[in-house]
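If you want the building blocks of each chain, they are given just below.
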Amino acid sequence: MAAAAELQGKYQKLAQEYSKLRAQNQVLKKGVVDEQANSASLKEQLKMKDQSLRKLQQEMDSLAFRNQQLAKRVELLQDELALSESKGKKNKKSGEVSSQLSQEQKNVFDEDLQKKIEENERLHIQFFEADEKHKRLESELRSRLEVLEMEAAQHQAVVDGLTRKYMDTIEKLQNDKAKLEIKSQTLEREAKDCRVRTEECQQQLKNLHSDLGSRLDESLRIIREKVPFNDSRSSHFNALNVPLHNRQRQLKLRDLVGQALAFIQDLVTALLNFHTYTEQRVQIFPVDSATDTISPLNQKFSQYLHENASYVRPLEEGMLLLFESITEDTVTVLETTVKLKSFSDYLTSYVHFLRKILPYQLKSLEEECESSLCTAALRARNMELQNDMKKLTAVFEKLHTYISLLALPSTKPDRLLRANFSSVFAHIGSALHRFHDIMKDISKHYSQKAALEHALPTATQKLITTNDCILSSVVALTNGAGKVASFFTNNLDCFTASLSYGPEGGVEFTNPLLAECMLQYKKKAAAYMKLLKKPRCDSVPYEEALANRRILLSSTESREGLTQQVQQSLEKIAKLEQEKEHWMLEAQLAKIRLEKENKKVADKLKDSGSGQLIEASLESPFQLNTDEQEKEVATEKVLREPIKSTSLVGMLTVTACNEEVAETDTREDLIKNHYMARIMELTSQLQLADSKSVHFHAECRALAKRLSLSEKSKESSTEEMRQARQSITRLQARWFSFGVDGIPFGGLIMSN
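Residues numbered from 1 in each chain as written. Predicted model: local features only at pLDDT ≥ 70, side-chain atom pairs only at ≥ 80, totals over all residues. Heavy atoms only, no water.

Draft legend 1. Examining the overall build of the chain more closely. From N to C terminus, the chain includes 19 helices and four strands. The buried share of the chain, taken over its 752 residues, is 23%. For the chain, the proportion of contacts with a sequence separation of at least 24, taken over those separated by at least 6, is 82%. If you sum the accessible surface of the chain, you get close to 54200 Å²; carbon and sulfur atoms cover 57% of it. (Helix = DSSP H or I, 4+ residues; strand = E, 2+ residues; numbered from the N terminus. Buried < 20%, exposed > 50% of the residue type's maximum accessible area, 1.4 Å probe, protein only. Contact = heavy atoms within 4.5 Å. Areas by Shrake-Rupley, 256 points an atom, 1.4 Å probe, with all protein chains shown as cover.)

The structure is reproduced here in structure tokens:
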């Protein structure tokens with residue numbers, strides 16, 4: 001009911017706001033209508049002004065035409081005046097009367113011409129002023145009309161938006177009201193059902209209380225009479241009990257460690273690439289080792305970076321050992337996880353490696369800053385990278401500290417209290433998130449640094465490729481660190497909960513011996529269950545067995561026949577043993593002869609250097625397998641006489657077999673090392689080729705995009721040039737059609 005009252009209050013508030021906005025909407029509509037009326041009046045005024053402008057334009061055209069006529073008339077009068085003056089000189093004496101008349105006409109025409117010129121100037125001034133005034137008024141009216149239209153459109157948009165908004169709100173509120181009414185009716189029905197069920201449950205609860213009370217009294221009486229000692233009451237005594245084996249917990253922990261192993265493998269690959277490409281960069285920048293000698297600092301730095309695989313790869317091996325140690329048949333807690341110590345030791349060696357290369361890395365960046373090609377922006381990026389590398393080493397040291405603490409319970413349980421396990425896990429999670437943040441900063445700063453170096457005029461293709469490879473490895477490191485941090489944070493509760501694994505009713509698991517006892521009992525239980533499931537052998541029926549027993553007891557010959565058969569079997573066995581010993585001795589003698597022959601052949605071919613290969617090839621077909629050697633151990637002890645060399649110092653016993661095994665192991669180790677080195681070399685070449693192919697692919701895509709853009713710009717420029725030529729041709733045609741001797745008619749009029 002309170003929810004319905006609250007909803008009704010909200011509905012009333014919205015209705016009041018809607019009425020207010022509706023009143024505002026009426027005011028806005030009235031304003032819009034007024035503005036529309038003003039706009040219509042302004043349009044009418046603009047139309048009238050346009051009509052007056054056209055009238056003035058017509059008057060101006062008529063005045064210009066009148067001006068031309070007057071100009072022609074003045075020219076004619078000037079010509080007549082010149083003729084009359086020439087005639088007046090000839091007939092000066094006889095034409096005084098005519099000269100006076102012509103002088104009067106001339107004065108009349110001059111006065112008339114002067115009046116027309118003044119009238120023309122006045123009309124020109126009036127027309128110019130009217131034109132300017134009309135243009136100014138027209139611009140003002142147009143600007144005002146645009147402002148009013150814009151305001152009207154804005155007001156209309158606001159009105160439409162508010163109308164739509166509040167119509168939607170009203171519709172939504174009506175729907176909510178209908179839903180709430182239905183919900184209230186449903187809740188009322190449910191409340192009635194709940195009251196009925198509550199009464200039933202109370203009745204059942206009373207019955208259960210009475211039943212459980214009687215059972216409790218009976219159980220307490222049985223415990224007092226039958227149980228002399230209950231060790232589950234004390235946590236100290238309960239810790240000595242053997243807990244149950246939780247198979248699902250072990251499978252879940254193995255799955256989590258498997259996911260962590262995959263993330264560590266990605267991180268190891270990214271770290272190997274980062275250190276390897278950093279070594280390549282040191283070799284080519286700021287001085288290329290192919291053309292000049294790099295500084296001793298960078299030489300030492302490159303030498304240390306070349307050893308990165310011996311420190312990074314053991315991290316993956318340690319995590320793999322930890323994953324293999326967690327199986328279904330083990331108990332995994334910190335006290336029994338011995339392989340975590342190996343991973344901690346490998347991480348310690350890698351942290352020492354980071355500490356060792358950190359000063360050289362900082363000095364190498366300072367050397368880049370001191371180079372003449374280093375700009376101020378590039379120097380700032382180098383300083384930021386220096387700080388990032390210090391932070392990276394510090395966060396690895398922090399991770400190493402906390403992981404070393406987690407490895408202590410398996411070796412020295414008293415060094416770390418069990419209450420501190422959860423806080424150590426929390427600190428590891430925060431350190432992993434810090435590692436992710438630092439890698440994001442390194443990625444950002446190194447991308448800026450690479451962009452600045454690519455803009456340098458002396459940047460080579462090798463440097464650009466190496467920078468791209470380093471940047472890709474840094475991005476892979478950032479992604480891997482983010483995955484590890486999120487994985488650890490998401491499963492932190494599982495890691496913390498798995499620490500309190502112990503007997504039922506206990507709160508901790510402190511004694512690692514319980515794990516061994518628990519696994520022994522588990523194996524016994526599994527063997528017992530397997531024995532129960534084993535099918536029974538076929539047996540003789542009881543009646544038949546009784547009949548056979550009577551026959552066996554009644555027959556006197558059966559015992560004597562069995563005795564004879566046993567004696568014959570023993571004689572055959574003795575003969576076979578003698579033959580076996582004879583042939584084993586023969587085989588041993590043949591082997592000794594073969595060894596002597598091989599030694600002779602080896603001594604003969606020792607000068608040529610191929611004795612060992614021939615000896616190995618001769619020995620290989622006659623080597624015995626392991627089963628035969630185990631059978632012939634006793635005979636070889638008797639027949640094989642070692643070569644004894646006595647002197648004042650003592651006696652030295654040497655067998656040829658040990659020397660051959662040592663030579664074989666040495667040769668196999670050499671071959672294995674050679675192929676491992678070759679595999680690593682091919683892997684590095686493959687990584688470099690992959691990075692180059694990615695870079696070349698990106699360049700090809702960029703060139704293709706530039707080619708398509710240039711083709712489009714070429715087409716657009718061709719079209720513009722064609723249009724320009726057409727406009728030039730059109731202008732030239734208009735020029736020659738309206739002009740005389742290269743001067744338009746308008747120019748002739750103005751010159752006159």
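Okay, back to it.
Draft legend 2. How the structure looks around a nonpolar patch on the surface. Taken together, the side chains of Ile671, Tyr675, Met676 and Ile679 define a hydrophobic patch exposed on the protein surface, amounting to about 410 Å² of accessible area. Relative to the elements of secondary structure, Ile671 occurs in helix 18 (residues 656-738). (Patch = residues over 30% accessible without salt bridge, like charges linked within 9 Å, V, L, I, M, F, W, Y side chains within 5 Å. Salt bridge = Lys/Arg side-chain N within 4 Å of Asp/Glu carboxyl O.)

Draft legend 3. Fine view of the packing of aromatic side chains. Within this structure, the stated rule accounts for seven aromatic pairs. Measuring from ring centre to ring centre gives 5.4 Å for Phe263 and Phe487, while their planes differ by 65°; the resulting arrangement is edge-to-face. Here the residue Phe263 occupies a position in helix 4 (residues 247-284), and Phe487 occupies one in helix 10 (residues 461-490), the gap between them amounting to 224 residues. Here the two residues Phe263 and Phe487 agree in accessibility, since each one is buried. (Phe/Tyr/Trp six-rings, centres within 6.5 Å; stacked < 30°, edge-to-face > 60°.)

Draft legend 4. Layout of the pattern of salt bridges. For the structure shown, the criterion picks out 14 salt bridges. Of the charged contacts in the structure, one is a salt bridge between Arg281 and Glu453, with a shortest N-O distance of 2.6 Å. Of this pair, Arg281 sits in helix 4 while Glu453 sits in helix 9 (residues 421-454), and the two are 172 residues apart along the sequence. Glu453 shares its class with Arg281; the two are buried. Linking Glu368 and Lys449 is a salt bridge whose minimum nitrogen-to-oxygen distance equals 2.8 Å.

Draft legend 5. Local environment of the nonpolar core. Counting 69 residues, the largest nonpolar core has Met319, Tyr350, Leu392, Phe396, Ile428, Phe435 and Met439 as the members making the most contacts within it. Contributing elements (two or more residues each) for this core: helix 4, helix 5 (296-305), helix 6 (309-325), helix 7 (339-370), helix 8 (376-411), helix 9, helix 10 and helix 11 (492-497). Sorting elements by how many residues they give to this core places helix 4 first, with 14 residues. (Core = buried A, V, L, I, M, F, W, Y, C linked by side-chain atoms within 4.5 Å.)

Draft legend 6. Inspection of the packing of helix 4 against helix 5 at higher detail. At a minimum axis separation of 9 Å, helix 4 and helix 5 run at an interaxial angle of 160°. Accordingly, the angle class assigned to the pair helix 4 and helix 5 is roughly antiparallel. Here helix 4 runs over helix 5; the crossing is left-handed. Residues His275, Thr278, Glu279, Val282 and Gln283 of helix 4 form the contact with helix 5, whose participating residues are Asn298, Phe301, Ser302 and Leu305. Residues of the contact of helix 4 with helix 5, tallied by class, amount to three nonpolar, five polar and one charged. (Axes fitted to C-alpha atoms, helices over the stretch in contact; angles between N-to-C directions. Parallel < 35°, antiparallel > 145°, perpendicular 65-115°, else oblique. Left-handed = near helix turned anticlockwise from the far one by under 90°. Nonpolar A, V, L, I, M, F, W, Y, C, P; charged D, E, K, R; others polar.)

Draft legend 7. Region of interest: empty space enclosed by the protein. With the rule as written, the count across this model stands at five cavities of 30 Å³ or more. Roughly 830 Å³ of volume is contained in the largest cavity. Met319, Leu340, Phe343, Ile403 and Phe488 are the residues nearest the centre of the largest cavity, which is lined by 35 residues in total. For the lining of the largest cavity, the element with the most residues is helix 4, which contributes nine residues. Of the pockets and cavities examined, the second largest cavity occupies roughly 180 Å³. Residue lining of the second largest cavity: 14 residues in total, with Thr278, Arg281, Gln361, Leu365 and Tyr446 positioned closest to the centre. The set of elements that each furnish at least two residues to the lining of the second largest cavity consists of helix 4, helix 7, helix 8 and helix 9. Split into classes, the residues belonging to the lining of the second largest cavity amount to eight nonpolar, three polar and three charged. (1 Å grid on protein atoms, 1.4 Å probe; cavity = no way out; pocket = protein on both sides within 12 Å on 5 of 7 lines; lining within 4 Å. Points joined across faces, edges and corners; volume = space filled by probe spheres on them.)

Draft legend 8. Here's a closer look at the environment of Asn479. Tracing the backbone shows Asn479 in helix 10. Along the sequence, Asn479 and Lys440 sit 39 residues apart, while their C-alpha atoms lie 9.0 Å from each other.

Draft legend 9. Spotlight on helix 6. Along its 17 residues, helix 6 runs 24 Å from first to last C-alpha, staying within 8% of the 24 Å computed at 1.5 Å per residue. Where helix 6 is concerned, the buried positions are Ala309, Val312, Pro314, Leu315, Gly318, Met319, Leu322 and Phe323. (Expected span 1.5 Å × (residues − 1).)

Draft legend 10. Local environment of the state of the cysteines. Tallied over the full model, the rule gives zero disulfides. Cys201 takes part in no disulfide bond, and the closest cysteine sulfur, belonging to Cys194, lies 9.5 Å away. A relative accessible area of 45% places Cys201 in the partly exposed class. This cysteine, Cys374, is not joined by any disulfide, and Cys369 carries the nearest cysteine sulfur, 4.7 Å off. (Disulfide = S-S within 2.5 Å.)

Draft legend 11. Expanded view of the environment of Leu261. In this structure, Leu261 sits in helix 4. Along the sequence, Leu261 and Met319 sit 58 residues apart, while their C-alpha atoms lie 6.0 Å from each other. When neighbours within four sequence positions are excluded, Leu261 is seen to be in contact with Glu316, Met319, Leu320 and Phe323.

Draft legend 12. Quick look at the packing of helix 5 against helix 7. Between helix 5 and helix 7, whose axes approach to 10 Å, the crossing angle comes to 145°. Considering only the axes of helix 5 and helix 7, their crossing is left-handed. Facing helix 5, whose interface residues are Leu297, Asn298, Lys300, Phe301, Tyr304 and Leu305, helix 7 presents Phe353, Lys356, Ile357, Tyr360, Gln361, Lys363, Ser364 and Glu367. When its residues are assigned to classes, the contact of helix 5 with helix 7 shows seven nonpolar, three polar and four charged.

Draft legend 13. Expanded view of the side chain of Asn467. Locating Asn467 in the fold gives a position in helix 10. Owing to a relative accessible area of 0%, Asn467 belongs among the buried residues under this scheme. The residues touching Asn467, leaving out its near neighbours within four places in the chain, are Arg281, Tyr446, Ala450, Glu453 and His454.

Draft legend 14. Region of interest: the confidence of the model for the chain. Counting all residues, the mean pLDDT for the chain is 78, and 79% of those residues have values of 70 or more. Considering each helix and strand of the chain separately, the mean pLDDT is smallest for helix 19 (residues 745-751), with a value of 36, and largest for helix 10, with 92. A low-confidence stretch, residues 610-661 stays under pLDDT 50, and its non-local contacts, those more than four residues away or across chains, total 41 contacts. (pLDDT = per-residue confidence, 0-100.)

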